[in-house]
Number of protein chains: 2
Amino acid sequence: MTKDKLTIVKVGGKIVEEEESLRQLLADFASIEGFKLLVHGGGRSATKVAADLGIETKMVDGRRITDDDMLKVVTMVYGGLVNKSVVARLQSLGVDALGMTGADMNIILSRKRPVKSVDYGWVGDVERVNGEALSALIRSGVVPVIAPLTHDGEGHLLNTNADTMAGSTARGLAPYFDVRLVFCFEKPGVLRDENDDDSVIARIDRAAFGQLKNEGIVSGGMLPKLENALDAIDSGVSEVIITKASSLGNLDAGTHIVDNKMI
Amino acid sequence: MTKDKLTIVKVGGKIVEEEESLRQLLADFASIEGFKLLVHGGGRSATKVAADLGIETKMVDGRRITDDDMLKVVTMVYGGLVNKSVVARLQSLGVDALGMTGADMNIILSRKRPVKSVDYGWVGDVERVNGEALSALIRSGVVPVIAPLTHDGEGHLLNTNADTMAGSTARGLAPYFDVRLVFCFEKPGVLRDENDDDSVIARIDRAAFGQLKNEGIVSGGMLPKLENALDAIDSGVSEVIITKASSLGNLDAGTHIVDNKMI
């Protein structure tokens, strides 16, 4: 059986927070054909609003410590300011957008991260994506716009990493759609030489990843990104693309992470 | 043809912003049988967050002047903080809540209020409720939780009066459901004697309203409330109930605004 194509785009805070890049992103996203879904960040705005409210932002390993006050800030910024602004803009472009968090229609349930060496506070690790509800919504013509917040099913919202949410959502929808997951990145893809934007590695499968890692060509923050992408592929996602936001209009560009069988 | 019953509850900011009253409200709302929808306010929180951000709140005739900065605040507070907190809490009570503004799924389109003697800024007057999309969503088992924000279809969010939104939503859904619209109020209903909570007027139709108005029994802020309610009745809403939030568990209480033919 051939499944319908679904494109899931994850875009970071930086792009949705600047008028020029946001305008371009939304125009490109609107022009993607077929079923689609957007997951956005908003960390920079959250940090700014927190500072304006006299609340200090504390990060550990790039993750935000989310105490009671910070949970209010991210709920306001991710679920309200960023999400609803994007929704209104997409509606004006003819996209039937619906802003959601994981709590809405119970689409993404998570568990508060257990305290080990660090107490991250109200931070959630995704437990379950309600692929059935989400796919019915998408098939009805709605385009979900998902903010990086989930819930624990006990009445608490949880701050959740947007990359992880996009990956989990892609996996949760893979039984229902032929899913293509696009991570918008500041560079045009995974680079063989980080100083040369023309050195994009076009295709990576698990074997190629092992080799690139051994050779030290991919390292640092790119490692978890690629591991996350390969896990998504193993879970039935057809393709993961790492590309520049400004290349959203041409998804043949960028780095395509695929299953071994496809190369 | 008998239409299915739909209960629309409008609740002000005061009730959703205090833990005790919110807990009671959500428990009562969760126990309402059949199709339902919640419209909430959040003005007090918006004023507080604005003050914390150093933004002054200006009101004219009880309406908030909404400049660029205040629009950001109400988008954060109504669309994010209040809305998503209510959604997460309702989910924990087994209600399949979906938080929405008028922009989401384009359910409520409005027009920026023209500048006459007062420039209200980014304030919208409701133009059109997408009853078809909303009723399909409700019939699928989802319970919309609507924040007092709409959009103009051109990419702008607009701050919109929650009472008006509840009334417009009730009218827009009247072709699809047998709609009962409940306004939660600080008093147990419309009182014959404002100092006597036992003097609730049980039923009001248009003729009774004219009489109560002539006798000076209803006046002030209650006049537009009742006019709004009678307009809703004229537009096909079955019943409008003005009651105390704590009476949501027993909707036989309160003041019932009905069509002449029903008395």
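Residues numbered from 1 in each chain as written. Chains lettered and ligands numbered in written order. Predicted model: local features only at pLDDT ≥ 70, side-chain atom pairs only at ≥ 80, totals over all residues. Heavy atoms only, no water.

Caption draft 1: Fine view of the overall build of chain A. Scanning chain A from terminus to terminus reveals eight helices and 14 strands. The C-alpha radius of gyration of chain A comes to 18 Å, within 12% of the 18 Å expected for a compact globule of 263 residues. Overall, the C-alpha framework of chain A stretches about 50 × 45 × 35 Å when taken along its three principal axes. Counting all 263 residues of chain A, 55% fall into the buried class. Within chain A, residue pairs in contact and separated by at least 24 positions form 69% of the contacts whose partners lie at least 6 positions apart. Surface summary for chain A: the accessible area is close to 11,100 Å², and the carbon and sulfur share equals 47%. (Helix = DSSP H or I, 4+ residues; strand = E, 2+ residues; numbered from the N terminus. Rg over C-alpha atoms; globule rule 2.2 N^0.38 Å. Buried < 20%, exposed > 50% of the residue type's maximum accessible area, 1.4 Å probe, protein only. Contact = heavy atoms within 4.5 Å. Areas by Shrake-Rupley, 256 points an atom, 1.4 Å probe, with all protein chains shown as cover.)

Caption draft 2: A negative patch on the surface, seen in detail. Residues and elements named next belong to chain A. On the surface, D193, E194, D196, D197 and D198 cluster together into a negatively charged patch. Residue position: D196 is located in the loop between β11 (178–185) and β12 (203–204). Taking the relative accessible area as the measure of exposure, D196 reaches 30% and is therefore partly exposed. (Patch = residues over 30% accessible without salt bridge, like charges linked within 9 Å, V, L, I, M, F, W, Y side chains within 5 Å. Salt bridge = Lys/Arg side-chain N within 4 Å of Asp/Glu carboxyl O. Lys, Arg positive; Asp, Glu negative; His and termini not counted. Charge placed at Lys NZ, Arg CZ, Asp CG, Glu CD.)

Caption draft 3: Structural detail: the sheet that holds strand β2 (residues 35–40) of chain A. All names here are of chain A. If you trace the eight strands from one edge of the open sheet to the other, you get β5-β8-β2-β1-β11-β13-β14-β12, paired in mixed fashion. Unpaired on one side and paired on the other, β5 (97–100) and β12 mark the two borders of the sheet. As paired strands, strand β1 (residues 5–11) and β2 are joined by six bridges and run parallel to one another. Bridged to I8 within β2 is L37. In the packing of helix α2 (residues 19–31) onto the sheet, contacts are made with β1, β2, β8 (143–146) and β11, and the angle to β2 comes to roughly 155 degrees. (Pairing = 2+ DSSP bridges. Axes fitted to C-alpha atoms, helices over the stretch in contact; angles between N-to-C directions.)

Caption draft 4: Spatial organisation of the interface of chain B and chain A. Taken together, the contacts link 35 residues of chain B with 35 residues of chain A. Taken together, the two surfaces of chain B and chain A that pack against each other cover about 2,500 Å², and 73% of this comes from carbon and sulfur. Considering only the side of chain B, the residues that lose the most area to chain A are M76, K84 and M105 of chain B, jointly responsible for 23% of the buried surface there. The interface formed by chain B and chain A contains two salt bridges. Ionic pairing is found between D104 of chain A and K84 of chain B, a salt bridge with its closest N-O pair at 2.9 Å. Considering every element that reaches the side of chain B that touches chain A, the biggest residue donor is helix α4 (residues 68–92) of chain B, with 14 residues. Residues of the side of chain B that touches chain A, tallied by class, amount to 15 nonpolar, 13 polar and seven charged. (Buried area = accessible area lost by both parts, 1.4 Å probe. Nonpolar A, V, L, I, M, F, W, Y, C, P; charged D, E, K, R; others polar.)

Caption draft 5: Fine view of the relation of the copies chain B and chain A. Superposing chain B onto chain A takes a rotation of 180 degrees plus a shift of 0.0 Å along the axis, which leaves an RMSD of 0.0 Å. In the structure described here, the two chain copies are related by an operation that fits a two-fold rotation axis. When the interface residues of chain B are mapped onto chain A, 100% of them again fall at the interface, so both copies present the same face. (Least-squares fit on C-alpha atoms with pLDDT ≥ 70 in both.)

Caption draft 6: Here's a closer look at the UniProt feature "site: Transition state stabilizer" (unreviewed entry) in chain A. Residue and element names in this part refer to chain A. According to UniProt, the "site: Transition state stabilizer" (unreviewed entry) feature falls on K10 and K225. Separation in sequence by 216 residues is not matched in space for these annotated residues, since their most distant C-alpha atoms are only 12.4 Å apart. Examined against the element boundaries, K10 turns out to sit in strand β1. K10 gets classed as buried once you look at its relative accessible area, which sits at 11%. The contacts of K10, once residues within four sequence positions are left out, are V39, A162, D163, A166, V182, F183 and C184. A polar contact of 2.8 Å, which involves the side chain of K10, links it to the side chain of D163. Note on placement: K225 falls in helix α8 (residues 222–234). Those residues in contact with K225 that sit more than four places away from it in its chain are D163 and F185. (UniProt positions renumbered as here; feature names shortened; annotations may be inferred. Polar contact = N/O pair within 3.5 Å; in protein donor to acceptor, adjacent residues only side chain to side chain.)

Caption draft 7: Fine view of the packing of aromatic side chains. Residues and elements named next belong to chain A. One pass over the structure, following the stated rule, counts two aromatic pairs over all chains. The residue whose ring lies beneath K112 is W122, and the NZ or CZ to ring-centre distance is 5.2 Å. Lying over the aromatic face of Y120, R113 brings its terminal NZ or CZ to 4.8 Å of the ring centre. (Phe/Tyr/Trp six-rings, centres within 6.5 Å; stacked < 30°, edge-to-face > 60°. Lys NZ or Arg CZ within 6 Å of the ring centre and 35° of its normal.)

Caption draft 8: Here's a closer look at helix α3 (residues 43–52) of chain B. Residues and elements named next belong to chain B. Turning to α3, its buried residues number three or more, namely S45, A46, V49 and A50. The arc enclosing the buried residues of α3, seen along the axis, measures out at 135 degrees, which places them on a common side. Every exposed residue of α3 that faces more than 90 degrees away from the buried side is listed here: K48 and A51. G54 lies just past α3 and shows a positive phi near 75 degrees. (Arc of directions from axis to C-beta.)

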